[in-house]
Amino acid sequence: MAAARVDAALPPGEGLVVNWSGKGLQKLSANLPCEADIHTLILDKNQIIKLENLEKCSRLIQLSVANNRLVRMMGVAKLTQLRVLNLPHNSIGYVEGLKELVHLEWLNLAGNNLKAMEQINSCTALQHLDLSDNNLPQIGDISKLVSLKTLLLHGNIITSLRMVPAYLPRSLAILSLAENGIRDLNEVKFEGVLWEPGSCKVVRKEEKHRRKL
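Residues numbered from 1 in each chain as written. Predicted model: local features only at pLDDT ≥ 70, side-chain atom pairs only at ≥ 80, totals over all residues. Heavy atoms only, no water.

**Overview of the overall build of the protein**
Counting its secondary structure elements, the protein contains three helices and ten strands. In the protein, which comprises 213 residues, the share counted as buried stands at 46%. Counting only contacts in the protein whose residues sit at least 6 apart along the sequence, the fraction spanning at least 24 positions is 27%. For the protein, the accessible surface area stands at approximately 10500 Å², while carbon and sulfur atoms represent 51% of it. (Helix = DSSP H or I, 4+ residues; strand = E, 2+ residues; numbered from the N terminus. Buried < 20%, exposed > 50% of the residue type's maximum accessible area, 1.4 Å probe, protein only. Contact = heavy atoms within 4.5 Å. Areas by Shrake-Rupley, 256 points an atom, 1.4 Å probe, with all protein chains shown as cover.)

**Side note on the nonpolar core**
In terms of nonpolar packing, the biggest core is built from 51 residues, with L63, L85, L98, L129, L151 and L153 touching the most fellow members. Those residues in contact with L129 that lie beyond four places of it in its chain are L107, I120, I142, L145, L148, T150, L151 and L152. (Core = buried A, V, L, I, M, F, W, Y, C linked by side-chain atoms within 4.5 Å.)

**Topic: the side chain of N134**
Looking at where N134 falls in the secondary structure, it is placed in the loop between β6 (128-130) and β7 (150-152). Polar contacts involving the side chain of N134 include one to the main-chain amide nitrogen of N113, which spans 3.2 Å. Within polar-contact distance, the side chain of N134 engages the backbone oxygen of L131 at 3.1 Å. Once you skip the residues sitting within four places of it in the chain, N134 turns out to touch L109, A110, G111, N112, N113, L114, G155 and N156. (Polar contact = N/O pair within 3.5 Å; in protein donor to acceptor, adjacent residues only side chain to side chain.)

**A word on the pairing of strand β2 (residues 38-42)**
Burial analysis of β2 places five of its five residues in the buried class, the great majority of the element. With four bridges joining them, strand β1 (residues 16-19) and β2 adopt parallel strand pairing. Residue pairing across strands places V18 opposite L41, the latter belonging to β2. Across three bridges, the pairing between β2 and strand β3 (residues 62-64) is parallel. Each bridged residue has a counterpart across the sheet, and for T40 the counterpart in β3 is Q62. (Pairing = 2+ DSSP bridges.)

**A short note on unusual backbone geometry**
In this structure, K45 is a non-glycine residue whose phi angle is positive, near 55 degrees. Secondary-structure assignment places K45 in the loop between β2 and β3. Phi at E179 is positive, roughly 60 degrees, even though this residue is not glycine. Assignment of secondary structure puts E179 in the loop between β8 (174-176) and β9 (193-196). For E179, a relative accessible area of 66% corresponds to the exposed category.

**Thoughts on the environment of V17**
Of note, V17 is situated in strand β1. Sequence-wise, V17 and H39 are 22 residues apart; in three dimensions their C-alpha atoms are separated by 6.3 Å.

**Considering the side chain of N121**
Mapped onto the fold, N121 is located in the loop between β5 (106-108) and β6. Side-chain polar atoms of N121 contact the backbone oxygen of D141, separated by 3.0 Å.

**Remarks on the environment of I38**
Mapped onto the elements, I38 comes out in strand β2. Exposure remark for I38: the relative accessible area of 5% places this residue in the buried category. Setting aside its immediate chain neighbours within four residues, I38 contacts L16, V18, P33, R59 and L60.

**Quick notes on the confidence of the model for the protein**
Averaged over every residue, the pLDDT of the protein is 84; residues scoring 70 or more account for 80%. Segment residues 191-201 is flagged for pLDDT under 50; beyond a separation of four residues in sequence, or across chains, it makes 34 contacts in the model. (pLDDT = per-residue confidence, 0-100.)

**Considerations on the environment of N46**
Examined against the element boundaries, N46 turns out to sit in the loop between β2 and β3. Residue classification places N46 among the buried residues on the basis of a relative accessible area of 2%. For the pair formed by N46 and R69, sequence separation is 23 residues and the distance between their alpha carbons is 7.9 Å. Setting aside residues no more than four positions away along its own chain, N46 makes contact with W20, S21, G22, K23, G24, L25, N67 and N68. A polar contact is formed between the side chain of N46 and the backbone oxygen of L43, at a distance of 2.9 Å.

Printed below as a string of structure tokens:
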């Protein structure tokens, strides 16, 4: 599950984990525990609508608020040390608050209500991006994400791949596009990339070669 990835992102002993999952929380109070040695805060499976009172958690490295009722994500803007941000299965309508998160490496926004992805372009350290099961009509320009290895876009409403060569970074190793409305896989001519027809997944040639070894 996604929360497991949050727990495993750092070596044991590098800080404390606070797990308030499934507590029926509807809001984050001003008494939220955020001592300096807490590196991970997990708030999954609650009823939280808004990310608030996170200012004193500025040293957080991992935050998970999966399976809540979030409609906005601006509350993460001051968590400038974040490496992992896990916000799947909410009702977030657009990406915001990421401009200063220059250390962010892993972002999960699957199962929300996103219609655009360009706002993520400032997170240049990002390596893993999950935007699956949203309402994205097209692939946006994320060419500045020069460290990105994995991009998951399955379960959207994308119909064209025409802009893939211009909009996706050359660092990308895996692009998942299953369960979209793509009509013509031949639209894209992306040097160094092979299509896996069974899964609608793009894999770079060197990655596919490693799988066979």
